[in-house]
Structures are given as structure tokens and as C-alpha cells.
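Structural overview
Here is how the chains run, residue by residue.
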Amino acid sequence: MNLDSIKNLLSFFSGQSDINRTHRIAKTFAELKEQNRKALIPFITAGDPHPKYTVQLMHQLVQSGADIIELGVPFSDPMADGPTIQRSSERALKYHVSLDDVLKLVAEFRKTNTNTPIVLMGYANPVEALGHVSFAAKARDCGVDGVLIVDYPPEESSEWVQCLEQHQIDAIFLLSPTTHQQRIEQVAKMAKGYIYYVSLKGVTGASHLDLQDVSTMLKQLRQYISLPIGVGFGIRDGVTAKAVAELSDAVVVGSRIIEEIEKSSESDLFSNVGSLVKALRDAIDKN
């Protein structure tokens, strides 16, 4: 075999690796659909309660039944988040956890888990500081599958989406009960991976989830959106998680998990978080 043949073979296998990596989110939803199951997507903030625990917490989430992990990037002014997730950012920032640190934590996770999709969730400032292209390249290299930046309006995100696409990362967007039709149609054209439907008006951690409202809105969204739709905000127990799973493709749980982290000691952190996520998983899967 000559040198050119070897190069071509290496290029082929490299391309195959990229293909497998690129479709982690889509593959996860396809496999769940075949099993007639719904995705469980827990959220934690990177670096909370301490950076040394984050990777082990990510593995614990997977062992307890998570299908996709949303990993929050700590930010000093998380305007879309309620007090619980704000406090988690504050705890992480005490240890100076930066966007680069978050990417390093993902790379560490990927050393032993190459299957579970990882979605970074955060705000524009850290990405802008790093630069779109530099961020996307680093995110791809460490194994990020999707990115959700809550304060990038879809109307101004075409270059951002193109940049992520070039680096084989899914651009994920939020929709809410107050999103107007024009934006829904725009997000339907731009989004990849899945849609995160915010089921309540207000910030994360709000309550009073109205399942009838969720059902009505999801029917409207599906007129325009073919991607899976995950529902978050206001999901605090197995009963609600199961009810939401019956309406949607995925259940997103954040504040409730952060509360469990907040109240746990070092000795019971992983068991407490694991028990909560397993209870949510069991409830969602229950016939």
C-alpha cells in the first residue's frame, strides 16, 4: 500500500468518526423512538458545587438514566435563570470556572463516554469573548454536540448557525408560550438537534405548569417543526415528568437537580442526584 492509499484510508476513517460524532443527538432520539421511549435531559452547571465534581456528576447522570446532558456555562448575569440556577453559577464562579474550563471538562468526560450527547447552555458574552469560530472549533474538538445560547435572537443568528454547522455542532433554540408565529417559522428553519420549549412564562425554577397549555402549544409548534421537542421549566417530580413525556419528545429538568446538588453534602452528592434522576427516568418509562 502506497502513501497516498494510506492517507486516503485514514481520511475515510476520520470522516466516519465525524459522521458518528455529528449525529449523536439525532441518533439518540431515533433510538428512543424505536423503543417508544422519551428522552430525559438533565441540566447541571459546570463547576457546581466544585469543578472537581462535574465530570463524575455527568457520569452519574448517564448511569441514572440521562439520554442527553445540558451543561450550563457559568455566567455572572444569568438573566433567564431563577435564583436556584443563579446560585449554581455563583458557586462555580467562585472557582473562576470559565468557558475554556467547561470545554476541558467535556473533553475529560469524553475520555470514557463517547455516546451521550452534550449540549452547552449559556449566554452570549463568554462566546463573544472567545470568538464564534474559535469557540466552535474548540467545542467540536472536545466533543460538544449542541449549543443553546439563550440571548442570541434567531433573527440575528444566521452567521452563528452557519459557524456551528461548519463545525458539525447543532444550534438549539428556545421557544416559549409567547413566541410569535414568524419566529417559530424562523427557528424551524434554523434549529438542529431539538427544540427546547420553555413551558412557562418567566425564569427557570418557576412553577404552576399547565399541561393543557403545553399540549395546545406543542400541537401548534408541530405544524412547523419536525425536530424533536423537549419541554422544560416547572418539572419537579416523577408525576409531572411522566405527564410531560406523554406530550413531548423529551423532558428537561434543571432547577430541581440543582436544588439536590445544593442541599447535598460531599458524601451523598452523587447518590442523591442519582436517586433523583433515576426516579424521573423510572416515572417517564412507566407504562
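Everything that follows concerns the structure shown earlier in this document.
Predicted model only: the values in this text are computed from it and were never measured.

Per the counting criterion, the structure on display carries three cavities of 30 Å³ or more. Here the second largest cavity defines a volume of roughly 50 Å³. What lines the second largest cavity is simply Val73, Leu99, Leu120, Met121, Gly122, Tyr123, Pro126, Val127, Phe135, Val147 and Ile149. The leading source of residues in the lining of the second largest cavity is strand E3 (residues 118–122), at three residues. Split into classes, the residues belonging to the lining of the second largest cavity amount to 10 nonpolar, one polar and no charged.

This paragraph deals with the sheet that holds strand E1 (residues 39–45). One open sheet accounts for nine strands, arranged E5-E4-E3-E2-E1-E9-E8-E7-E6; its pairing is parallel. The open sheet is flanked by strand E5 (170–171) and strand E6 (173–175), the only strands paired with a single partner.

A cis amide bond links Asp48 with the next residue in sequence, Pro49, at an omega value of 5°. Positionally, Pro49 belongs in the loop between E1 and helix H3 (51–63). Located in the positive-phi region is Asn36, a residue other than glycine, with phi close to 60°. Given the relative accessible area of 69%, Asn36 is considered exposed. Of note in this structure, Phe233 is not a glycine but carries a positive phi near 85°.

Once that is clear, we can look at the packing of aromatic side chains. The way to describe two aromatic rings as a pair is by their centre distance and the angle between their planes. By the definition in use, this model includes six aromatic pairs. When the centroid spacing of 5.9 Å and the interplanar angle of 55° are considered together, the rings of Phe29 and Tyr194 count as tilted. Note that Phe29 is positioned in helix H2 (residues 24–34) and Tyr194 in the loop between helix H9 (181–190) and strand E7 (195–198), a separation of 165 residues in sequence. Just as Phe29 is buried, Tyr194 falls in that class too. Clustering of aromatic rings is evident, with ring pairs tying together Phe135, Tyr152 and Trp160.

Another aspect to go through is the nonpolar core. Of all hydrophobic cores here, the largest spans 89 residues; its most connected members are Leu120, Phe135, Trp160, Tyr197 and Leu221. Excluding its chain neighbours within four sequence positions, the residues that come into contact with Leu221 are Leu175, Ile184, Tyr197 and Ile229.

Two numbers describe a pair of packed helices, the interaxial angle and the distance between the axes. Two elements in contact, helix H12 (residues 255–263) and helix H13 (residues 269–285), have axes separated by 9 Å at closest approach and are oriented at 155°. Compared by their axis directions, H12 and H13 come out roughly antiparallel. Two packed elements cross with a definite hand, and for H12 against H13 that hand is right-handed. Residues Arg256, Ile257, Glu260 and Ile261 of H12 pack against Leu269, Asn272, Val273, Leu276 and Val277 of H13. For the contact of H12 with H13, the residue count by class is six nonpolar, one polar and two charged.

Thresholds applied
- Residues numbered from 1 in each chain as written.
- Predicted model: local features only at pLDDT ≥ 70, side-chain atom pairs only at ≥ 80, totals over all residues.
- Heavy atoms only, no water.
- 1 Å grid on protein atoms, 1.4 Å probe; cavity = no way out; pocket = protein on both sides within 12 Å on 5 of 7 lines; lining within 4 Å.
- Points joined across faces, edges and corners; volume = space filled by probe spheres on them.
- Helix = DSSP H or I, 4+ residues; strand = E, 2+ residues; numbered from the N terminus.
- Nonpolar A, V, L, I, M, F, W, Y, C, P; charged D, E, K, R; others polar.
- Pairing = 2+ DSSP bridges.
- Buried < 20%, exposed > 50% of the residue type's maximum accessible area, 1.4 Å probe, protein only.
- Phe/Tyr/Trp six-rings, centres within 6.5 Å; stacked < 30°, edge-to-face > 60°.
- Core = buried A, V, L, I, M, F, W, Y, C linked by side-chain atoms within 4.5 Å.
- Contact = heavy atoms within 4.5 Å.
- Axes fitted to C-alpha atoms, helices over the stretch in contact; angles between N-to-C directions.
- Parallel < 35°, antiparallel > 145°, perpendicular 65-115°, else oblique.
- Left-handed = near helix turned anticlockwise from the far one by under 90°.

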